[in-house]
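For reference, the chains in residue letters:
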Amino acid sequence: MESKNVLTFTFTIIAIILGVTLFKQFDFETLKFKNTGLAIIYIITFLFAIYFLVKNPKKQA
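Cut-offs applied
- Residues numbered from 1 in each chain as written.
- Predicted model: local features only at pLDDT ≥ 70, side-chain atom pairs only at ≥ 80, totals over all residues.
- Heavy atoms only, no water.
- Helix = DSSP H or I, 4+ residues; strand = E, 2+ residues; numbered from the N terminus.
- Buried < 20%, exposed > 50% of the residue type's maximum accessible area, 1.4 Å probe, protein only.
- Contact = heavy atoms within 4.5 Å.
- Areas by Shrake-Rupley, 256 points an atom, 1.4 Å probe, with all protein chains shown as cover.
- Phe/Tyr/Trp six-rings, centres within 6.5 Å; stacked < 30°, edge-to-face > 60°.

## Here's the deal with the overall build of the protein
Thinking step 1. Helix and strand counts for the protein stand at two helices and two strands.
Thinking step 2. Listing the helices and strands of the protein from first to last along the sequence gives α-β-β-α.
Thinking step 3. For the protein, the residues scored as buried account for 15% of the 61 residues in total.
Thinking step 4. The contacts in the protein between residues at least 6 apart in sequence include a share of 55% that link residues at least 24 apart.
Thinking step 5. Element-wise, carbon and sulfur atoms account for 71% of the exposed surface of the protein, whose accessible area totals about 4900 Å².

As structure tokens, this is what we get:
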């Protein structure tokens, strides 16, 4: 049980950091990312973290 809480906390921190980083790298004037290749990796990892956070509570219930 404690292991699941640690994983949830870890993926929450990852999602917050990547969300802030993606927001900072996005240029709203041109509607493009400053570094597209790195942004793609960030988005994939961000979506994986969000998926894990949404899927995890449903398994426990």
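That was the structure; now back to the text.
## With respect to the side chain of Gln25
Thinking step 1. Structurally, Gln25 is set in helix H1 (residues 2-25).
Thinking step 2. The class for Gln25 is buried, based on a relative accessible area of 16%.

## Notes on the packing of aromatic side chains
Thinking step 1. Taken as a whole and judged by the stated rule, the model has five aromatic pairs.
Thinking step 2. Their ring planes at 70° and their centres at 5.7 Å tell us that Phe11 and Phe48 sit as a pair that is edge-to-face. With a gap of 37 residues between them, Phe11 in helix H1 and Phe48 in helix H2 (residues 36-60) connect regions that are remote in the sequence.
Thinking step 3. Here Phe11 falls in the buried class, since its relative accessible area comes to 15%.

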